[in-house]
Amino acid sequence: MQKGLLKTAMENMRKMDKTLFLMIILYSILGLVIILSASSVSAVLRYKVSSYYFFMKQLVFVVFGLLMGLVIINIPTYKYKWPSYLLMGLTLGLLTAVLFIGFVSNNAQSWFRKGIFSYQPVELAKPALIFFMAEFYNYQLRKQKKNLYFNLIPLVVAGIIFILVAMQPDLGGALIIGGMAFLIFMTLPLEKQNQLKLFKVIGVAIVLLVIALLYSGNDLLNSRQLSRLQFKNPCTRYAEETGYQVCNGFIAIHNGGLFGVGLGNSSQKYLYLPEAHTDFIFPILVEELGAIVGVLVLLGYVFILYRILKIGKEAGGNVRNQILCYGTFAYIFLHLIVNLMGVLALIPLTGVPIPFLTYGGSYAVSLTLMLFVVERVAIENKKMIYRKEIASLSKNKTKLPY
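## Some remarks on the overall build of the protein
Moving on, step 1. A tally of regular secondary structure across the protein gives 14 helices and 3 strands.
Moving on, step 2. In the protein, which comprises 402 residues, the proportion classed as buried is 45%.
Moving on, step 3. Within the protein, contacts between residues separated by at least 24 positions form 71% of all contacts whose residues are at least 6 apart in sequence.
Moving on, step 4. Of the roughly 20,700 Å² of accessible surface on the protein, 69% is carried by carbon and sulfur atoms.

Take a look at the structure:
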């Protein structure tokens, strides 16, 4: 039996999208290298720990994510049904609990902490939402349920998650959740007439929600969040919190030029960027390795997104597998856009991590697992093509004259 399981696992590994797998490994290694470089100074000077402290913690999470990913590729996606609903229930419970017993960091009560390890439940919410929407819409569309408005249930759930995350407050995470739900909904194979009806209902619901919030008597944003809305021309506000970090990010990118100052030689990581290994790690990468490498890294992200879309399209009429891929695409795309636009002062800074590069175990594990879910879809696509070829050969055989 063990030999059979091992044989199946090896066959699944051979059927993976090898290009995507190579990119996962490559970006995981790149992330570890940049985190080591960006965090080494602040680890010693600010946190009074070893220069390898953040690197070693991230290494543990990356390896754990990769090992769990190799398990995920051996679990058929049709078995995700009940785990998806349980995961959503756990997510709602954790997001509620963190508001009462969570650890406060950077003025947000978003974390559970145990010893040296901490966990951010919003990073569970993102994959949980993808799984939930994939399972719900797969069942809804496959059974062709007559009640069109049942399709709004996942959006209501997403709205509840949005509110719970925004209450922490974590507006960046809340925007990612809302954006993911909307983009996944846009991919549903609904008739245009039905889609228009649902959009009207969604529009009315949003208007009513905004009116309710405006007349609730509560401030929608605290003073610190309101100050973040001043995001343009950050270097004119260098002495203020709203301009200091972003302006130093600009300085890092300018210092790097085309070819960089060399790996490990960043000057901005010497506490000019207080959290250089988190939100502002991309400017450190550009400073050390140069704008050319920075552009290549961004093109690599585009290639990863292209592979995910390709695998999703190849899933054919399997709604569950398509949403798993398109949801993962939205997950990565939104993180990229929100992080880079915040760093470049095109939108307010929200504290959203950039895929693979930013230090953070919760996000690293969630991201890696979702990419291996996409790999599982790629495996099932190849198995589906193989079965169709066998069926076609069998059909042609019966037509041969004897």
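## Overview of the environment of Gly-351
Moving on, step 1. Examined against the element boundaries, Gly-351 turns out to sit in the loop between helix H13 (319–343) and helix H14 (361–399).
Moving on, step 2. Classification of Gly-351 as partly exposed rests on a relative accessible area of 37%.
Moving on, step 3. As a C-alpha pair, Gly-351 and Asp-170 span 181 residues in sequence and 8.4 Å in three-dimensional space.

## Overview of a positive patch on the surface
Moving on, step 1. Taken together, Lys-7, Arg-14, Lys-18 and Lys-382 make up a surface patch of like positive charges.
Moving on, step 2. Note on placement: Lys-18 falls in helix H2 (residues 18–45).

## Here we look at a nonpolar patch on the surface
Moving on, step 1. Residues Leu-6, Met-10, Met-13, Val-63, Leu-67 and Leu-70 make up a contiguous nonpolar surface patch of roughly 510 Å² in combined accessible area.
Moving on, step 2. Every element with two or more residues in the nonpolar patch is listed here: helix H1 (2–15) and helix H3 (53–72).
Moving on, step 3. On the secondary structure map, Met-13 appears in helix H1.

## Here we look at the pattern of salt bridges
Moving on, step 1. Here the structure, examined in full by the defined rule, presents 6 salt bridges.
Moving on, step 2. Across the salt bridge formed by Glu-123 and Lys-126, the nearest N and O atoms sit 3.1 Å from each other. Separated by 3 residues within a single helix, Glu-123 and Lys-126 lie in helix H5 (residues 122–142), roughly one turn from each other. We note that Glu-123, like Lys-126, is buried.
Moving on, step 3. Residues Glu-380 and Arg-376 are paired through a salt bridge, measuring 3.0 Å at the closest nitrogen-oxygen approach. Here Glu-380 pairs with Arg-376, and both are found in helix H14, just 4 residues apart, close to one helical turn.

## Side note on the environment of Gln-245
Moving on, step 1. Tracing the backbone shows Gln-245 in helix H10 (residues 241–256).
Moving on, step 2. Exposure remark for Gln-245: the relative accessible area of 23% places this residue in the partly exposed category.
Moving on, step 3. In the structure, Gln-245 is positioned 35 residues away from Phe-280 in sequence and 8.2 Å away in space, judged by C-alpha atoms.
Moving on, step 4. Contact partners of Gln-245, with chain neighbours within four places excluded, come to Leu-273, Pro-274, Glu-275 and Phe-280.

## Some points on the side chain of Asn-339
Moving on, step 1. Note on placement: Asn-339 falls in helix H13.
Moving on, step 2. Engagement of the side chain of Asn-339 in a polar contact is seen with the backbone oxygen of Val-352, the distance being 2.7 Å.
Moving on, step 3. Among residues more than four places away in sequence, those in contact with Asn-339 are Asp-279, Val-352, Pro-353 and Ile-354.

## Comments concerning the sheet that holds strand S1 (residues 103–105)
Moving on, step 1. Pairing is antiparallel across the open sheet formed by 3 strands, whose spatial order is S1-S2-S3. What marks the edges here is a single partner per strand, and that holds for S1 and strand S3 (117–119). Looking at each pair of strands side by side, their axes are set apart by 50 degrees on average, direction ignored.
Moving on, step 2. In this sheet, S3 lies alongside strand S2 (residues 108–114) in antiparallel orientation, the contact comprising 3 bridges. Residue pairing across strands places Arg-113 opposite Ser-118, the latter belonging to S3.

## Topic: the pairing of S2
The side chains of a regular strand alternate, residue by residue, between the two faces of the sheet.
Moving on, step 1. Two strands pair when backbone bridges link them, and S1 and S2 are joined in this way by 3 bridges, in the antiparallel orientation. By the bridge assignment, Ser-105 is partnered in S2 with Ala-108.

The rules behind each value
- Within each chain, residue numbers correspond to sequence positions counted from 1 in written order.
- Note on the predicted model: pLDDT of at least 70 is required for a residue's local features to be given, and 80 or more for side-chain atom pairs to be given and counted; whole-chain, interface and lining totals, by contrast, use all residues.
- To obtain the side-chain values, all non-hydrogen atoms of the structure were included, while hydrogens and water were left out.
- Numbering of helices and strands starts at the N terminus; helices are DSSP runs of H or I of at least 4 residues and strands are runs of E of at least 2.
- Think of it in three bands: residues with accessible area under 20% of the maximum for their type are buried, residues over 50% are exposed, and the middle band is partly exposed, with areas taken using a 1.4 Å probe on protein chains only.
- Contacts: residue pairs with any heavy atoms within 4.5 Å of one another.
- Per-residue accessibility takes into account occlusion by the displayed protein chains alone, with areas from the Shrake-Rupley method and a 1.4 Å probe.
- Patch membership needs two things, relative accessible area over 30% and no salt bridge, and members are linked within 9 Å if like-charged or within 5 Å if nonpolar (Val, Leu, Ile, Met, Phe, Trp, Tyr).
- Salt bridges are defined as contacts in which a side-chain nitrogen from Lys or Arg sits within 4 Å of a carboxyl oxygen from Asp or Glu.
- By the counting scheme adopted, Arg and Lys are positive, Glu and Asp are negative, and His together with the chain ends is not counted.
- We put the charge of a Lys on NZ, of an Arg on CZ, of an Asp on CG and of a Glu on CD.
- For this analysis, a polar contact is any N or O atom pair within 3.5 Å, provided that within protein one partner can donate a hydrogen and the other can accept it, and provided that sequence-adjacent residues contribute only side-chain to side-chain pairs.
- Strand pairing follows a simple DSSP-based rule, namely that at least 2 bridges must link the two strands.
- Here an angle of 0 to 180 degrees is reported between the N-to-C directions of two axes, which are lines fitted to C-alpha atoms, with helices fitted over the stretch in contact.

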